[in-house]
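Descriptive analysis of the structure
So the chains spell out like this:
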Amino acid sequence: MNIAEYSIKKRTITLVLTFLAFFGGLKSYQQLGRLEDPEFTIKDAQVVTAYPGASAEDVEKEVTNVIEKACQQLGQLKEIESVSYRGLSIVTPTIKDKYDKSSLPQVWDELRRKINDTQKDLPPGAGPSMVNDDFGDVYGIYLALTGDGYTYHEIKDFADFLRRELLLVPDVKRITYWGDQKEAIYIQMQREKMANLGITQDQIYDTLESKNLAVDGGRVEVDTFFVTINPTGEFTSVDQFKTLLVSEPGSDQQVYLGDIATIDRDYIDPPTNILRTSRKIFSRDDSVLNWKEVDTVDPSDSSLTVTQTLGNPAIAMAISTVDGGNVVTMGQALEKRIQELIGQAPIGIEFQIISYQSDSVEKAVNSFVVNLIEAIIIVVVVLMIFMGLKSALLIGAILFLTICASFIVMDAQGIMLERISLGALIIALGMLVDNAIVVTDGMRLRIQRGEDKIKVAREVVGQNQMPLLGATFVAVLAFGAIGLSQDGTGEYCRSLFQVLLISLLLSWLTAVTVTPLVCAVFFKPSPKSESGKEEDPYDSALYRGYQWLLETAIRVRWITVAFVLILFFFALYGFGFLKNSFFPPSTRPQFMVDVWLPEGTHIRETEKALEGLEEYLLTLENTKAVATHVGGGAVRFLLTYAPEKTNSAYAQLLVDVFDYKHLDSMQKEIQHWMDSNMPDALGYTNKFRLGPGDGGKIQARFSGPDPTTLRQVVYEALDIIKDDGGAQGLRQNWRERVP
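Residues numbered from 1 in each chain as written. Predicted model: local features only at pLDDT ≥ 70, side-chain atom pairs only at ≥ 80, totals over all residues. Heavy atoms only, no water.

**Let's talk about the overall build of the chain**
Our working definition: We count a stretch as a helix when DSSP gives it H or I for four or more residues in a row; a strand needs E for two or more, and each element gets its number in order from the N terminus. Our radius of gyration looks at C-alpha atoms and nothing else; its globule reference is 2.2 Å times the residue count to the power 0.38. Note on exposure labels: buried denotes an accessible area under 20% of the residue type's maximum, exposed denotes more than 50%, and partly exposed covers the range between, all computed with a 1.4 Å probe on protein chains only. Any two residues having at least one pair of non-hydrogen atoms within 4.5 Å are treated as being in contact. Surface accessibility in these figures is a Shrake-Rupley result with a 1.4 Å probe; residues are shielded only by whichever protein chains are displayed. When charges are tallied, Lys and Arg are placed among the positive residues and Asp and Glu among the negative ones, while His and the ends of the chain are skipped. Where a charge lies is defined by one atom per residue type, namely NZ (Lys), CZ (Arg), CG (Asp) and CD (Glu).
When helices and strands are counted, the chain shows 24 helices and 20 strands. The C-alpha atoms of the chain give a radius of gyration of 34 Å, which is well past the 27 Å a tight globule of 739 residues would have. With respect to the three principal axes, the spread of C-alpha positions in the chain is 130 × 85 × 65 Å. Expressed as a percentage of the 739 residues in the chain, the buried residues total 42%. Counting contacts in the chain only where the partners sit at least 6 residues apart, residues at least 24 apart contribute 77% of the total. For the chain, the computed accessible surface area is about 40300 Å², with 56% contributed by carbon and sulfur atoms. Across the chain, the centroid of the 70 positively charged side chains sits 10 Å from that of the 94 negatively charged ones.

**Considerations on the sheet that holds strand β4 (residues 130–132)**
By definition, the strands of a sheet pair up through backbone hydrogen bonds, in either a parallel or an antiparallel sense. Applicable threshold: Being paired, for any two strands, means DSSP has found at least two bridges between them. Whenever a helix is involved, its axis is fitted only over the stretch in contact; in every case the axis is a line through C-alpha atoms, and angles between N-to-C directions fall within 0 to 180 degrees.
The antiparallel open sheet is built from four strands, whose spatial order is β2-β3-β1-β4. Of all the strands in the sheet, just β2 (77–85) and β4 have a single pairing partner and so form its edges. The average angle at which neighbouring strand axes cross in this sheet is 20°, direction not considered. With eight bridges connecting them, β2 and strand β3 (residues 88–95) associate as antiparallel partners. In the sheet register, Ser-84 faces β3, and the bridge partner there is Ser-89. Contacting β1 (46–50), β2 and β3, helix α3 (residues 56–71) crosses the sheet at an angle of about 160° to β2. Lying over the sheet, helix α4 (residues 104–117) contacts β1, β3 and β4, oriented at roughly 145° with respect to β3.

**Focus: helix α13 (residues 389–413)**
The following threshold applies: What a helix is expected to span follows from its residue count: subtract one and scale by 1.5 Å.
Spanning 25 residues, α13 covers 36 Å between terminal C-alpha atoms, matching the ideal 36 Å at 1.5 Å per step. Gly-414 sits one or two positions beyond α13 and adopts a positive phi of about 75°.

**Let's talk about the packing of aromatic side chains**
Heads up, the rule is: We call Phe, Tyr and Trp rings a pair once their centres come within 6.5 Å, taking the six-membered ring for Trp, and we label the pair stacked below 30 degrees between planes, edge-to-face above 60, and tilted otherwise.
In this structure the tally under the stated criterion is 14 aromatic pairs. Note on Phe-158 and Phe-161: the rings are 5.9 Å apart at their centroids and 35° apart in plane angle, and the pair reads as tilted. One end of the pair is Phe-158 and the other is Phe-161, both in helix α5 (residues 152–166) and three residues apart, which spans about a single turn. Plain terms: the ring middles of Phe-637 and Tyr-641 are 4.9 Å apart, the flat faces sit at 35° to each other, and that makes the pair tilted. Residue Phe-637 is classed as buried on the basis of its relative accessible area, which comes to 0%. Aromatic ring contacts, followed pair by pair, group Phe-19, Phe-22, Phe-23 and Phe-400 into a single cluster.

**Some remarks on the side chain of Asn-647**
Within the fold, Asn-647 resides in the loop between β18 (623–630) and β19 (650–657). Taking relative accessible area as the criterion, Asn-647 reaches 12% and is therefore assigned buried. Residue contacts for Asn-647: discarding those within four places in its chain leaves Trp-596, Glu-599, Gly-631 and Gly-632.

**As for the pattern of salt bridges**
Threshold: Salt bridges are defined by distance alone: a side-chain nitrogen of Lys or Arg within 4 Å of a carboxyl oxygen of Asp or Glu.
In this structure the tally under the stated criterion is 22 salt bridges. The shortest N-O distance in the salt bridge between Asp-239 and Lys-242 comes to 3.7 Å. Taken together, the residues span about one helical turn, with Asp-239 and Lys-242 both in helix α8 (residues 238–242) at a distance of three residues. On the basis of relative accessibility, which here comes to 37%, the residue Lys-242 falls in the partly exposed class.

**Things to note about the nonpolar core**
Operational definition: To form a nonpolar core, buried Ala, Val, Leu, Ile, Met, Phe, Trp, Tyr and Cys residues must be joined to one another through side-chain atoms within 4.5 Å.
If you look at the biggest cluster of nonpolar residues, it comprises 119 residues, and the most contacted ones within it are Leu-166 and Leu-613. Ignoring sequence-local partners within four residues, the contact set of Leu-166 consists of Val-172, Ile-175, Met-317, Ile-319, Leu-334, Arg-337, Ile-338 and Leu-341. Formed by 23 residues, the second largest nonpolar core is a distinct cluster that contains Ile-67, Leu-74, Val-91 and Val-107.

**Focus on the packing of α5 against helix α11 (residues 327–341)**
Counted only if it meets this: When describing relative orientation, an angle under 35 degrees is termed roughly parallel and one over 145 degrees roughly antiparallel, while 65 to 115 degrees is termed roughly perpendicular and anything else oblique. For any helix crossing, the convention is left-handed if the near helix is rotated counterclockwise from the far helix by under a right angle, and right-handed if that rotation is clockwise.
α11 packs onto α5 with a crossing angle of 135° between their chain directions and a minimal axis gap of 11 Å. Our classification of the angle between α5 and α11 gives oblique. Of the two possible hands of crossing, α5 and α11 adopt the one that is right-handed. The residues of α11 that touch α5, namely those facing Phe-158, Phe-161, Leu-162, Glu-165 and Leu-166, are Leu-334, Arg-337, Ile-338 and Leu-341.

**Overview of the pairing of β19**
Within β19, eight of the eight residues are buried, leaving the element largely enclosed by the surrounding structure. Residues of β19 alternate between two faces, with Tyr-650, Gln-652, Leu-654 and Asp-656 on one and Ala-651, Leu-653, Val-655 and Val-657 on the opposite face, all of them buried. Here strand β17 (residues 590–596) pairs with β19 via seven bridges, running antiparallel. Paired with Trp-596 across the bridge in β19 is Tyr-650. Pairing geometry for β18 and β19, over seven bridges, is antiparallel. By the bridge assignment, His-629 is partnered in β19 with Gln-652.

**Some points on the confidence of the model for the chain**
As a reminder, the rule being used: Values of pLDDT, which run from 0 to 100, indicate the predictor's confidence residue by residue.
Put simply, the chain has an average pLDDT of 83, and 93% of its residues get 70 or more. Looking across the chain, the model is least confident in helix α1 (residues 3–9), with a mean pLDDT of 62, and most confident in β19, with 92.

**Topic: the state of the cysteines**
Two cysteines whose sulfur atoms are joined by a covalent bond form what is called a disulfide. Operational definition: Cysteine sulfurs are considered disulfide-paired once they come within 2.5 Å of each other.
For the structure shown, the criterion picks out zero disulfides. Looking at the unpaired Cys-404, the closest cysteine sulfur is the one in Cys-519, lying at 19 Å. Judged by relative accessible area, which is 2%, Cys-404 ranks as buried.

**Looking at a negative patch on the surface**
Where we set the bar: Patches in this entry comprise residues that are over 30% relatively accessible and not in a salt bridge; like charges within 9 Å are linked, as are nonpolar side chains (Val, Leu, Ile, Met, Phe, Trp, Tyr) within 5 Å.
Judged by side-chain charge, Glu-716, Asp-719, Asp-723 and Asp-724 come together as a negatively charged surface patch. With relative accessibility at 66%, the residue Asp-724 sits in the exposed group.

**Here's the deal with the environment of Arg-279**
The test is simple: Here a polar contact means two N or O atoms within 3.5 Å. Within protein one must be a hydrogen donor candidate and the other an acceptor candidate, and residues neighboring in sequence count only if both atoms are side-chain atoms.
Looking at the element boundaries, Arg-279 is found in strand β13 (residues 274–284). If we ignore the near neighbours within four places in the chain, the residues touching Arg-279 are Thr-307, Gln-308, Thr-309, Glu-350, Phe-351, Gln-352, Leu-618, Lys-624 and Ala-625. Side chain to side chain, Arg-279 and Glu-350 meet in a polar contact 2.7 Å long.

Written out as structure tokens, the structure is:
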């Protein structure tokens, strides 16, 4: 008794399992995690060490080299990249590809121990070193808070309130800020007064250090209570600093700090980074459209009233999802909670969406559902033409059942619905029906001839189950090279292999179990003709035409072989005209504009240089909003996005558009405008890409002992690439020399 015969005889068990697979698949579909891009492990960490006052050369010799030697003790190390700035060392160790997200935490712990052990070898004033191994976290929800007329401090107060409340939303892992300005109290000493009164800097430092310290005041017994003594006198305002008494130890002379210094509270200047937002505000009938309504408008609609806000200072809130969390449900819960809290916002404070990943994921999942329904309809219609309505409906039902069963296994294996897994399911749709077609067609014809159903099932499945299994494995192994690769590309595309493996094997399983059962139940012997003979199922125009085609091809076999070879060589020739790209450009309705000013440019000058570009971008009809990040790249709001390191001469503009199809023409216009109006800047536009990777598409590394020679060689290489044409955004990471 083979599988098919057993399934027919135990039809009740098979039907129960079928219904469990159907309803279990629908339940698993609701539970599956959802992401925009598949998870892949960032195998880099950053070791950041401050060395205030030291030149870049001193930082390299005294700090960076020490940290690099500590990193080299890791057996898991692949390579090290380091950058030494004035007063700051950043070392980036990269771990070998074979280590994944389950083994990397142990590697990072070992790295921390080695970095901690080497702290004693750092020069005085350097350190401590900070190991950052989570800068690969993805902050899928990226919002900007703006407030016309509000200070950064006031906006930050509301942001702190929001963060406290939003951290309680399910699936929220972390909330961080970008662009918030730090405050400080500035004490500017008046040297002449200090000299006249005999007060030194050290005395002021010692007095300040003794304030606002947490000191245990002890306890005292009062009646039946043991009361804690809490020392008072903490400073809570700038004016209190002015009344601070400064004196020399052992002297009776005391002076108010306000008499010998000017004391102010202000933001630290220059700031590390600055965020500015610009956007178009659409109104209809005096009602301002919200951010979701704006996504659906036609910017050329004359019934809309359009106003602009340009260059508003902002603080960004970046929200990440817990590992394995559902970014769609998190986004929906966040949106609901924000709507509940927005009424508590001060009048004038507003949200601007920079990235809202849950919407993109929801659109992708909905698109998959539409594709699934379309595929089933197409399968039913095509099979109905060639095999009849009953066969088409049965195979369509088996296809849907296979997809449902695939969801159950995906849920159990922790495979999420994201760009690659959804693509794999869509690819599989055309392959999942093959096994069922072979079994259905074989049984249908023999049952219609009047043969015993169990005998037919036994023979058809017995003859075909191993060839079908072999063909299934061949189809799966075609994707094995991608899914089994250990590098970032393999990890990114792994769900393609996994989903195809699961769905195709399940299609084989349903083909040899459920398919024979439903064929035995629904197919009936053909009625006899008027002559009393049974009708031959193969006696139709379709089968007669197919028989003639086969016989002709075999009879003129050499012509057939020659024709196939001609088609093959034409295919090879045509293949050469296709663009080669493993990961195509993203269809995300957003792109980047990277701007580099001469190295060493003050961040305020960089900010000022972008005002004209922001204004120009808003004049373009397809532009919806612009978020300008000055001093460094944004947080990693997409897994495939690699933020640029902190640099006062760098800025990145994230431009939201209504229709991504116009991006190519927009990029050309913007590039021409920057070349004409920003001659001192290196500016270029970039689409978001799919898949891992960072930096330019062409990268070359030069190494050697002489910095002057290295610069000369690099400039020669850049000239060669520039003369060849077709390249943009040419730059070298040492940038220009600075005074």
